[in-house]
Amino acid sequence: MAIVSSETAGGFPKGFVWGVSTSAYQIEGATREDGREASVWDTFCQREGAVLSGDTADVTCDHYHRFREDVKLMSEFQVPAYRLSISWPRVMSTDSSQPNELGLAFYDALIDELLAAGISPWVTLFHWDFPQSRHDQGGWLNPRCVDWFAEYASTVVERLSDRVTQWITVNEPQCFLHFGHGLGINAPGVKLSLADQLTAAHHVLLAHGRAVAIIREHAKLPPQVGWAPVGITCSPATEDRAHQEAARRATMDVKADNLWNNTWFSDPVFLGHYPEEGLRAYGKAAPKYAASDMQHIAAPLDFLGLNIYTAMPVESQADGSWSEVSLAPGTARTAFDWPVREECLYWGPKFHAERYGVPIVITENGMANIDWPARDGRVHDPQRIDYLHRHLLALHRGIVEGVDVRGYFHWSWMDNFEWAEGFRRRFGLIYVDFESGLRRPKDSAAWYREVIRSHGRSLFTE
Ligand code: GCO
């Protein structure tokens, strides 16, 4: 049932969660400290030409040592919820049967610091930093990966679930499979056949389902569980009904030669089967699996996390097909060259909520900007403020129309290591000087604090 009430008008629903997002590998640093083992990203960063400017995340934001300062800054900007991820290779030791106590102790201290500051931790179990030693044993292609992930998830739930209630199992399988195992331009940097990518994807879905079962069975406090895939969001060229249906079809489509889509992943999780379009598109490359697999994969979730940054406009064709609409010359784009299309936060949640019938949480949205400290020492980022303003208004439109959106997490809290792009793309509300480690709140941090404080009403007064 959508939460549309009097509070929604000119604000956001009661209980709507405002937050910020990061991930372990992108902010922690300390990659060889206190027993942390190598991840596939540590190895990938050593590969000549793999990461822009040869950047690595060995230090990045040094959050491992500065986490108290970061939590204090979140508190200063009245952030109610913080989406973080746990580093699998920091808490699991491949050789010993015991987890790495120093790694677990770091997350213990971080969660305690957040709770003491009144900040709700939303914990992602897997945000791409797969243990190198497990990759050497076959990685996601080895069916044993489900047991490896289960052992890791059990360890984290056992340690943190007396304080953590908000869980996200896996972040963006489409990214680490398509870019990391298909194109090879992200870690682990391999180029598997389509069939092998789909087999690995099936194992990721099984691992997701196993983690859901572990959380449901062993969490010490009643948990809310979701997952955070990513895919393409298409918007209609005009709001003409035919173009709307074309945009819905395009958003839910499966391309025959890659894994960059929504439904091959979320249909099993929410509907208990692979999409017909995908089975047709992939043909013989589709995995063979036991029917019981889908019961595990489709373990009920409390929310669907959506990471949405932009939209691709499409229009319907006379023959019922759809085609991409080319953007006007000079269309506004972010520093990642992603078009500024705020309608992505209207159509994306709408299409997914209508297909799956579950509450939505925007687990990532934001923009890369070329930020730097101005002569006055402050970091002015009017583009990010305008981007945020537009996107939150678009999200609000869907909520008022009945889409059950429960929260919004800005990507990102602070500038961080943007994977193969290194430090070139700054997504944070907080500027990070990667040489000194100095944090500087950007203008957008104060602007977002006002949105949080007014529960969204400030969006309608400017
Ligand atoms: C993703 C990842 C984040 C990225 C962010 C900007 O969505 O790709 O979850 O780690 O840093 O999206 O690209």
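Nothing here was measured: the structure is a model prediction, and the numbers come from that model.

**Remarks on the sheet that holds strand β8 (residues 312-316)**
Stage number 1. Across the sheet, three strands lie side by side as β6-β8-β9; this open sheet has mixed pairing. Strands at the two margins of the open sheet, each flanked by one partner only, are β6 (234-236) and β9 (322-324). Geometrically, the sheet is characterised by an average inter-axis angle of 45° between neighbouring strands, direction not taken into account.
Stage number 2. When β8 meets β9, the two strands line up antiparallel, connected through three bridges. Each residue of the ladder has a partner; that of Val314, found in β9, is Glu324.

**Quick look at the environment of Ala242**
Stage number 1. Within the secondary structure layout, Ala242 lies in helix α10 (residues 241-251).
Stage number 2. Overall, the relative accessible area of 37% leaves Ala242 in the partly exposed class.
Stage number 3. Residues Ala242 and Gln317 lie 75 residues apart in sequence; the distance between their C-alpha atoms is 8.8 Å.

**Let's talk about helix α8 (residues 173-182)**
Stage number 1. Among the ten residues that make up α8, nine are buried, leaving the element largely enclosed by the rest of the structure.
Stage number 2. Those residues of α8 that fall on the buried side of the exposure criterion are Pro173, Gln174, Cys175, Phe176, Leu177, His178, Gly180, His181 and Gly182.
Stage number 3. Buried residues along α8 sit in contact with β3 (120-126), β4 (166-171), α9 (194-218), β5 (224-228) and α11 (263-271).
Stage number 4. Directly after α8, the chain includes Gly184, whose backbone phi takes a positive value near 75°.

**Some thoughts on the sheet that holds strand β7 (residues 303-307)**
Stage number 1. Strand order in this closed barrel of eight strands is β1-β2-β3-β4-β5-β7-β10-β11, and the pairing throughout is parallel. With direction set aside, neighbouring strand axes in the sheet form an average angle of 25°.
Stage number 2. Pairing analysis gives four bridges linking β7 to strand β10 (residues 360-364), with the strands arranged parallel. By the bridge assignment for β10, Asn307 is matched with Glu364.
Stage number 3. Sheet strands touched by helix α5 (residues 101-116): β2 (81-85) and β3. Its angle to β2, the strand with the most contacts, is close to 170°.

**Looking at the nonpolar core**
Stage number 1. Formed by 133 residues in total, the largest nonpolar core has its most connected members in Trp41, Trp140, Phe149, Trp167, Leu395, Tyr408 and Trp413.
Stage number 2. If one sorts the elements of this core by residue count, α9 sits on top with twelve residues.
Stage number 3. Counting residues in hydrophobic clusters, the runner-up holds eight residues, among them Tyr309, Ala335, Tyr387 and Phe427.

**Considering the site of the ligand**
Stage number 1. Every residue lining the ligand is accounted for by Gln26, His127, Trp128, Asn171, Glu172, Tyr309, Trp338, Glu364, Trp411, Glu418, Trp419 and Phe427.
Stage number 2. A distance of 3.0 Å separates an oxygen atom of the ligand from a polar atom in the side chain of Asn171.
Stage number 3. Within the side chain of Glu418, an N or O atom sits 2.6 Å from an oxygen atom of the ligand.
Stage number 4. The protein chains hide 94% of the 320 Å² of surface that the ligand would expose on its own.
Stage number 5. For the ligand, the cavity whose grid points lie within 2 Å of the majority of its atoms is the largest pocket.

**Notes on empty space enclosed by the protein**
Stage number 1. Scanning all chains against the criterion turns up four cavities of 30 Å³ or more.
Stage number 2. One number sums up the size of the largest cavity: a volume of about 60 Å³.
Stage number 3. As for the largest cavity, its lining consists of Pro229, Val230, Gly231, Thr233, Asn262, Ser266, Leu306, Asn307, Ile308 and His352.
Stage number 4. Among the residues forming the lining of the largest cavity, the class breakdown is four nonpolar, six polar and no charged.
Stage number 5. Considered as a void within the structure, the second largest cavity measures approximately 50 Å³ in volume.
Stage number 6. Lining the second largest cavity, in full, are Val40, Trp41, Phe126, Trp128, Phe130, Trp140, Phe176, His181, Ala187 and Pro188.
Stage number 7. The residue inventory of the lining of the second largest cavity, partitioned by class, reads nine nonpolar, one polar and no charged.

**Overview of the pattern of salt bridges**
Stage number 1. Counting across every chain of the model gives 37 salt bridges.
Stage number 2. Connected through salt bridges with shared partners, the residues Glu101, Asp108, Asp112, Arg159, Asp162 and Arg163 form a single ionic network.

**Concerning the environment of Ser266**
Stage number 1. For Ser266, the location among the structural elements is in helix α11.
Stage number 2. Residues contacting Ser266, with those up to four places away along its chain left out, are Trp227, Pro229, Leu271, Leu304 and Tyr356.

**Quick notes on the side chain of Ser454**
Stage number 1. Looking at the element boundaries, Ser454 is found in the segment after α16 (443-453).
Stage number 2. A polar atom in the side chain of Ser454 sits 2.9 Å from the backbone oxygen of Glu450.

**Observations concerning the layout of surface pockets**
Stage number 1. Of the volumes computed, that of the largest pocket is approximately 780 Å³.
Stage number 2. Counting only elements with at least two residues in the lining of the largest pocket, the list comes to α8 and β8.
Stage number 3. Classifying every residue of the lining of the largest pocket gives 20 nonpolar, eight polar and seven charged.
Stage number 4. The space that makes up the second largest pocket amounts to roughly 170 Å³.
Stage number 5. Taken together, Ala332, Arg333, Thr334, Ala335, Val340, Glu342, Met367, Asn369, Gln383, Asp386, Tyr387 and Arg390 make up the full set of residues lining the second largest pocket.

**A closer look at the pairing of β2**
Stage number 1. By the criterion of burial, β2 is predominantly enclosed, with five of the five residues buried.
Stage number 2. As paired strands, strand β1 (residues 17-21) and β2 are joined by three bridges and run parallel to one another. The partner of Ser21 across the bridge, within β2, is Arg83.
Stage number 3. With five bridges connecting them, β2 and β3 associate as parallel partners. Across the sheet, Tyr82 pairs through a bridge with Pro121, a residue of β3.

**Some details on the environment of Leu388**
Stage number 1. Position of Leu388 relative to the elements: it lies in helix α15 (residues 382-400).
Stage number 2. Taking the C-alpha atoms as reference, Leu388 lies 8.7 Å from Glu342; in sequence the two are 46 residues apart.
Stage number 3. Leu388 has contacts with Tyr408, His410, Leu429 and Trp447, leaving out every residue within four places of it along the chain.

Calculation rules
- Residues numbered from 1 in each chain as written.
- Predicted model: local features only at pLDDT ≥ 70, side-chain atom pairs only at ≥ 80, totals over all residues.
- Heavy atoms only, no water.
- Pairing = 2+ DSSP bridges.
- Helix = DSSP H or I, 4+ residues; strand = E, 2+ residues; numbered from the N terminus.
- Axes fitted to C-alpha atoms, helices over the stretch in contact; angles between N-to-C directions.
- Buried < 20%, exposed > 50% of the residue type's maximum accessible area, 1.4 Å probe, protein only.
- Contact = heavy atoms within 4.5 Å.
- Core = buried A, V, L, I, M, F, W, Y, C linked by side-chain atoms within 4.5 Å.
- Near = heavy atom within 4 Å.
- Polar contact = N/O pair within 3.5 Å; in protein donor to acceptor, adjacent residues only side chain to side chain.
- Areas by Shrake-Rupley, 256 points an atom, 1.4 Å probe, with all protein chains shown as cover.
- 1 Å grid on protein atoms, 1.4 Å probe; cavity = no way out; pocket = protein on both sides within 12 Å on 5 of 7 lines; lining within 4 Å.
- Sits in = over half its atoms within 2 Å of the grid points.
- Points joined across faces, edges and corners; volume = space filled by probe spheres on them.
- Nonpolar A, V, L, I, M, F, W, Y, C, P; charged D, E, K, R; others polar.
- Salt bridge = Lys/Arg side-chain N within 4 Å of Asp/Glu carboxyl O.

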